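Here are the chains, one letter per residue:
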Amino acid sequence: MVSAVIAGDLHFAQLVTTPDNPVQITFGNGGVWLYTTPEGQVDDLPVGHDVNGDIFGFNHFGFGMVERKEDGLGVTFFDKNGDVAAICEAPASANACVPDDA
């Protein structure tokens, strides 16, 4: 069983949850010009091929980490200084993500 699809990109970081699919985690905010993508939680957004999904976007330079937890995968987004910027509790989904300043 596939728990997640982890992808790289050059311009953004996000976590996408779609019906009947594993969560997709994209890390791509390491140091190039960032695209303007939805920031924070956005529900029911078209993600391609007539599929809508819930997205948590992180539009700041930084990096991320995926950890195996007892109840699934957890994701942490860090800012460029290494400080926690957002946490996506396990099992990771767009609705489980909370910015650290919330």
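Everything discussed here concerns the structure shown above.
Residues numbered from 1 in each chain as written. Predicted model: local features only at pLDDT ≥ 70, side-chain atom pairs only at ≥ 80, totals over all residues. Heavy atoms only, no water.

What follows concerns the overall build of the protein. Summing up its helical and strand segments, the protein has zero helices and nine strands in all. Starting at the N terminus, the α and β elements of the protein follow one another as β-β-β-β-β-β-β-β-β. C-alpha extents for the protein along the principal axes are approximately 35 × 30 × 25 Å. Expressed as a percentage of the 102 residues in the protein, the buried residues total 39%. Counting contacts in the protein only where the partners sit at least 6 residues apart, residues at least 24 apart contribute 32% of the total. Accessible surface for the protein amounts to roughly 6,100 Å². Of this, 53% is attributable to carbon and sulfur atoms. (Helix = DSSP H or I, 4+ residues; strand = E, 2+ residues; numbered from the N terminus. Buried < 20%, exposed > 50% of the residue type's maximum accessible area, 1.4 Å probe, protein only. Contact = heavy atoms within 4.5 Å. Areas by Shrake-Rupley, 256 points an atom, 1.4 Å probe, with all protein chains shown as cover.)

Moving on: the environment of Phe27. Within the fold, Phe27 resides in strand S3 (residues 23-27). In this structure the C-alpha to C-alpha distance between Phe27 and His11, which are 16 residues apart in sequence, comes to 8.8 Å. For Phe27, the contacting residues outside a window of four places in its chain are Ile6, Ala7, Gly8, Asp9, Phe12, Ala13, Gly64, Met65, Val66, Val75 and Phe77.

With that out of the way, let us pick up the pattern of salt bridges. Taken as a whole and assessed by the stated rule, the structure comprises one salt bridge. Glu67 is paired through a salt bridge with Lys69; the nearest N and O atoms lie 3.9 Å apart. Under the relative-accessibility criterion, Lys69 is labelled partly exposed at 40%. (Salt bridge = Lys/Arg side-chain N within 4 Å of Asp/Glu carboxyl O.)

This paragraph deals with the state of the cysteines. Applying the stated criterion across every chain, the model contains one disulfide. One disulfide in the model links Cys88 with Cys97; its S-S distance is 2.1 Å. Its S-S torsion of about 105 degrees marks the bond between Cys88 and Cys97 as right-handed, since a negative value means left-handed. On the basis of relative accessible area, Cys88 is assigned to the buried category, the value being 1%. (Disulfide = S-S within 2.5 Å.)

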